[in-house]
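# Per-entry structural report
The chain contents come next:
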Amino acid sequence: MVNPKYYLIKDGVCYFNDFLLEVDGFADKNLLEIRLGEKTTHIKERAFEHNYLRSVTFYKKVKFIESRAFANNKIEKLVFNRIEVPFIAKDAFVGNPLKLIIVPYESLQAYKDLLRSCEIDENVEIVSNIEVKFEELNATKKENEVMFVKALSIYGDYIWRIEKMEKADFVTRLNKDHNQNNFFSKKLDNGIEYDVHRTDHGNVTIYRQEGAEFIDLTMDDFVNLVEEKSLLC
C-alpha cells in the first residue's frame, strides 16, 4: 500500500507524487481519474481494479503493468509515452470499453504486437502520437499559421515533434540564425523538396516553402522525412 504522503485524493481524482515508483492498493476507491507521477515505473497487480477511470496516461518511466491492474473500469483511452515497450499483463485492462490507444511513433508496431496479444477488443484503434498531433493541430489551424516538423537531438538520437506557428513568428525565428551553413534544401525520392534548418546543437526544423509561401507538412510528409536520414546529418 502506498504511503499517504505520496498521494492525494480530491473530488474523485488521485494525484501521485512524481517520485513514487510503485503504485498499489487503489482498487474499489470510486476513482474517476488518476494522475500518475512522471517517475512511476511499476503498476502492481489489481492496483486500480473496480474504479470509474475513463482514461489513463502512462509516462516514460512506466516499465511494468501487472495482472488486472486496471480491470473493470470505464477506460476508453490509454496514452503511452515510453518508447521502449513496457511489460503489460494480458489481463491488465480486461473489462474496459477501450476505443483508442495512443503510443509513440517510434515503436508503433511493437506496441501493436504486444497489445493485440492482450485481452482487449480487436477493434480498438492503436495509433501513434504523431498522427494524433497532426489531427489536433489541423483541427485548430488558422490561415496565418504554418505546420512543420522538428527533430530534437537527444544524446545522439532524435525525438520527433509536429508544431505549428504563426508564419510571421516562424520567419522571425529562422531569421535569428545568420549562419547560412545551417540552412539547406533537399529533394526526396517522391519529388518533393523540403527546406531544413539545423541549429549548432543538432536540432532540426523541416518545412516547405515555395517562393514566399509556406506549405503545411502532412502525415505523409512526416513518414517520408523520418525515412530520409540525410536530412538530420
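Presented here is a report on the structure given in the accompanying data block. (Residues numbered from 1 in each chain as written. Predicted model: local features only at pLDDT ≥ 70, side-chain atom pairs only at ≥ 80, totals over all residues. Heavy atoms only, no water.)

What follows covers the overall build of the protein chain. Along the protein chain, the regular secondary structure elements total four helices and 17 strands. The principal-axis extents of the C-alpha atoms in the protein chain amount to approximately 60 × 40 × 35 Å. Evaluated residue by residue, the protein chain yields a buried proportion of 40% over its 233 residues. Taking the intrachain contacts of the protein chain between residues at least 6 apart in sequence as the baseline, contacts between residues at least 24 apart amount to 35%. (Helix = DSSP H or I, 4+ residues; strand = E, 2+ residues; numbered from the N terminus. Buried < 20%, exposed > 50% of the residue type's maximum accessible area, 1.4 Å probe, protein only. Contact = heavy atoms within 4.5 Å.)

Here we take up the nonpolar core. Of all hydrophobic cores here, the largest spans 36 residues; its most connected members are Phe 48, Phe 58, Ile 65, Phe 70 and Phe 93. Mapped onto this core, the elements with two or more residues apiece are β2 (13-16), β6 (55-58), β8 (77-80), β10 (100-103) and α1 (108-115). No other element matches α1, which puts three residues into this core. What Phe 93 contacts, discounting residues up to four positions off in sequence, is Phe 58, Ile 65, Phe 70, Leu 78, Phe 80, Ile 88, Leu 98 and Ile 120. (Core = buried A, V, L, I, M, F, W, Y, C linked by side-chain atoms within 4.5 Å.)

Take Val 124: it is sitting in the loop between α1 and β11 (125-128). Look at Val 124 and you get buried, because its relative accessible area is 2%. Among all residues touching Val 124, those that are not within four sequence positions of it are Leu 98, Lys 99, Leu 100, Ile 101 and Arg 116.

In spatial order, the strands read β1-β2-β4; together these three strands make up an open sheet with mixed pairing. Bordering the open sheet on either side are β1 (7-10) and β4 (33-35), each of which pairs with just one other strand. Strand-to-strand twist across the sheet, computed as the mean angle between neighbouring axes with direction ignored, equals 15°. Of the pairings in the sheet, the one linking β2 to β4 comprises three bridges and is parallel in character. Each bridged residue has a counterpart across the sheet, and for Tyr 15 the counterpart in β4 is Arg 35. (Pairing = 2+ DSSP bridges. Axes fitted to C-alpha atoms, helices over the stretch in contact; angles between N-to-C directions.)

Time to look at the layout of surface pockets. Over the atoms rolls a probe the size of a water molecule, and its path tells where empty space is left. Counted as a void, the largest pocket has a volume near 660 Å³. Lining the largest pocket are 22 residues; nearest its centre among them are Lys 60, Asn 81, Asn 129, Ile 159 and Arg 161. For the lining of the largest pocket, the elements supplying multiple residues, two or more each, are β8, α2 (129-140) and β13 (157-166). Ranked by residue count, the leading element in the lining of the largest pocket is β13, at six residues. For the lining of the largest pocket, the per-class residue count stands at eleven nonpolar, two polar and nine charged. (1 Å grid on protein atoms, 1.4 Å probe; cavity = no way out; pocket = protein on both sides within 12 Å on 5 of 7 lines; lining within 4 Å. Points joined across faces, edges and corners; volume = space filled by probe spheres on them. Nonpolar A, V, L, I, M, F, W, Y, C, P; charged D, E, K, R; others polar.)

A separate point is the packing of aromatic side chains. Tallied over the entire structure, the rule returns 17 aromatic pairs. Their ring planes at 20° and their centres at 5.7 Å tell us that Phe 26 and Phe 48 sit as a pair that is stacked. Taken together, the positions of Phe 26 in the loop between β3 (22-23) and β4 and Phe 48 in the loop between β5 (42-43) and β6 put the pair 22 residues apart, joining distant regions of the chain. With a relative accessible area of 0%, Phe 26 lands in the buried category. With a centroid separation of 4.9 Å and an interplanar angle of 20°, the aromatic rings of Phe 58 and Phe 80 are classed as stacked. Here the residue Phe 58 occupies a position in strand β6, and Phe 80 occupies one in strand β8, the gap between them amounting to 22 residues. By the ring-pair criterion, three or more aromatic residues cluster together here, those being Tyr 7, Phe 16, Phe 26, Phe 48, Phe 58, Phe 70, Phe 80, Phe 93 and Tyr 111. (Phe/Tyr/Trp six-rings, centres within 6.5 Å; stacked < 30°, edge-to-face > 60°.)

Turning to the side chain of Glu 145, a few remarks are in order. Following the sequence through the fold, Glu 145 ends up in strand β12 (residues 145-154). Each residue touching Glu 145, except ones within four places of it in the same chain, is listed here: Thr 140, Lys 164, Met 165, Glu 166, Lys 167 and Asp 216.

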